[in-house]
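Each chain, letter by letter, is given below.
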Amino acid sequence: MPVRIRTALVTLVTLPLAACEGRQSALAPQGLQSDQILRTLLLFLAVAAVVWTAVVIALGIGLLRRKRMPERPLALHQDFEKATGRVVFALGFATLVIVLGLSIVSYAGQRTVFAKDDNALTLKIIGHQWWWEVRYEDDSPDRSFVTANEIRIPTGKAVKVELESADVIHSFWVPSLTGKMDLITGQKNELQFTARNAGVYRGQCAEFCGLQHAHMAVAVLALSPDEFGRWRDHENQSASSPTDVLGKQGEQLFRARGCALCHNIRGTLAGGQLGPDLTHVGSRTTVAAGTLPLTPATLGAWIADPQHIKPGNYMPRMPLQSGELIAILHYLEQLK
Ligand code: HEC
Ligand SMILES: [Cu+2]
């Protein structure tokens with residue numbers, strides 16, 4: 001089979017499959033807000049489909065019943081003019097009713113989508129080229145911590161995210177949970193959502209923000225409230241100190257080879273603020289903002305040459321000997 005046809009066939013077959021992916025789809029809602037957005041969408045779609053069908057049928061009838069050109073085409077016929085006037089008036093009125101009706105439905109839906117719950121769990125998300133800083137803030141500072149590229153939330157509870165940017169405009173969009181909202185420097189935007197069911201929902205930066213915009217994903221893990229509480233207590237703790245020789249060597253090299261200039265690991269001397277917080281990096285699900293799943297191999301490949309995996313990103317390639325790489329990798333993997 002010629003390559004071109006084969007490519008076309010493969011594309012055709014996989015397109016519907018891509019649409020089935022429920023983890024990042026506004027058509028597979030898992031949150032109170034996305035439910036409402038889908039209901040509104042379906043209603044608009046149904047009304048538009050009915051109107052479109054009616055117009056096409058009317059056009060078809062007109063086409064089939066057309067008459068020959070009369071002798072004096074500009075002459076007025078009283079009866080015909082009256083009938084036409086009535087039809088135009090009725091259709092104009094129907095348009096007004098439909099547009100008003102849809103506007104009311106749309107505004108009413110915003111009461112759910114933009115609802116504010118004072119008891120919401122509050123997170124701050126700061127967009128960076130090309131990763132997400134996630135801050136869990138509590139009234140007492142010893143219960144506040146920072147993580148990256150992954151958000152864990154309890155099911156059934158409203159979550160409020162405060163959105164800011166450290167550089168350019170980004171946009172936070174987790175279609176299964178709610179609509180999108182921009183992250184803008186110097187402005188605080190807010191978004192609230194409630195996840196109905198436990199699961200992993202993928203989000204994606206939805207505003208072109210530079211070279212690696214496409215590799216700026218975020219994972220939202222909705223956990224049962226108990227599980228979330230346990231995770232939060234654990235995440236709140238500082239990094240555990242390595243107990244074995246290789247791990248200790250890795251911790252030293254993390255500072256000696258410059259990683260600590262950009263990365264923070266709570267409870268150690270590494271306090272850099274330029275890159276993602278790595279205190280519990282070993283328990284994350286992905287590397288480099290959803291670019292790769294987190295495994296020892298992908299983590300090692302990232303540290304060895306981040307510019308190969310995500311060209312142009314702001315982590316430089318650090319010259320490391322293979323022994324050093326193994327020690328650092330071993331250390332980071334332990335940071336669960
Ligand atoms: C100049 C600052 C800088 C230095 C030095 C640096 N990094 Fe990074 N690092 C970054 C940035 C920025 C990112 C985010 C890249 C992205 O996803 O776009 C990152 C991402 C990472 C990640 C992925 C984190 C995640 O949640 O996906 C790991 C792991 C990491 N760095 C480890 C290291 C190690 C180990 C070293 C030392 C060998 C190091 N970094 C040196 C800036 C730096
Ligand atoms: Cu972005």
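Keep in mind the model is a prediction, meaning the values are calculated, not measured.

**Some thoughts on the coordination of the copper ion (ligand 2)**
Angles between donor atoms at a metal ideally measure 109.5 degrees for a four-coordinate tetrahedral arrangement and either 90 or 180 degrees for a six-coordinate octahedral one. Bound to the copper ion (ligand 2) are the protein donor atoms His 170 (ND1), Cys 205 (SG), Cys 209 (SG) and Met 216 (SD), situated 2.1 to 2.6 Å from the metal. Viewed at the metal, the four donor atoms of the copper ion (ligand 2) are separated by angles of 94 to 123°, and the geometry they form is tetrahedral. The motif formed by the donor residues of the copper ion (ligand 2), counted along the single chain, is H-x34-C-x3-C-x6-M. Here His 170 is found in strand 6 (residues 170-173), whereas its partner Cys 209 is found in the loop between strand 9 (199-205) and strand 10 (217-223), with 39 residues between them in sequence. Neither His 170 nor Cys 209 differs from the other in exposure class; each is buried.

**Observations regarding the UniProt feature "transmembrane region" (unreviewed entry) in the protein chain**
Under the local residue numbering, the UniProt record ascribes the feature "transmembrane region" (unreviewed entry) to residues 41-64 and 85-109. In this annotation, residues 41-64 is assigned 100% helix and 0% strand; the end-to-end C-alpha distance for the span is 34 Å. Counted over residues 85-109, helix gives 100% and strand 0%. Its end C-alpha atoms are 36 Å apart.

**With respect to the environment of Met 69**
Here Met 69 lies in the loop between helix 2 (32-64) and helix 3 (78-113). A C-alpha to C-alpha distance of 85 Å links Met 69 and Ala 260, two positions 191 residues apart in sequence.

**Side note on the coordination of the iron atom of ligand 1**
With distances of 2.0 to 2.2 Å, the protein atoms coordinating the iron atom of ligand 1 are His 263 (NE2) and Met 315 (SD). Its six donor atoms give the iron atom of ligand 1 angles of 85 to 178° at the centre, a pattern that matches the octahedral case. Residue His 263 is found in the loop between helix 5 (245-256) and strand 11 (286-287), and its partner Met 315 is found in the loop between helix 7 (306-309) and helix 8 (322-334); the two are separated by 52 residues along the sequence. Using a relative accessible area of 19% as the deciding quantity, one classes Met 315 as buried.

**Some thoughts on the domain arrangement of the protein chain**
Per the domain assignment, the segments of the protein chain are domain 1 (20-231) and domain 2 (245-334). In this assembly, 17 residues from domain 1 lie in contact with 18 residues from domain 2. The largest per-residue losses of area from domain 1 upon contact with domain 2 belong to Trp 130, Trp 131 and His 215, which jointly make up 30% of the total buried on that side. On inspection of domain 1 and its partner domain 2, the count reaches zero salt bridges. The tally of links from domain 1 across to domain 2 stands at nine residue pairs in polar contact (both at pLDDT 80 or more). Broken down by secondary-structure element, the contributors of at least two residues to the side of domain 1 that touches domain 2 are strand 3 (145-148), strand 4 (150-154) and strand 10. For the side of domain 1 that touches domain 2, the element with the most residues is strand 3, which contributes four residues.

What counts, and at which threshold
- Residues numbered from 1 in each chain as written.
- Chains lettered and ligands numbered in written order.
- Predicted model: local features only at pLDDT ≥ 70, side-chain atom pairs only at ≥ 80, totals over all residues.
- Heavy atoms only, no water.
- Donors = N, O, S within 2.8 Å, 3.2 Å for Na, K, Ca; no water.
- Tetrahedral: all angles 85-135°; square planar, octahedral: opposite > 155°, others 65-115°.
- Helix = DSSP H or I, 4+ residues; strand = E, 2+ residues; numbered from the N terminus.
- Buried < 20%, exposed > 50% of the residue type's maximum accessible area, 1.4 Å probe, protein only.
- UniProt positions renumbered as here; feature names shortened; annotations may be inferred.
- Domains from an automatic or database assignment.
- Contact = heavy atoms within 4.5 Å.
- Buried area = accessible area lost by both parts, 1.4 Å probe.
- Salt bridge = Lys/Arg side-chain N within 4 Å of Asp/Glu carboxyl O.
- Polar contact = N/O pair within 3.5 Å; in protein donor to acceptor, adjacent residues only side chain to side chain.

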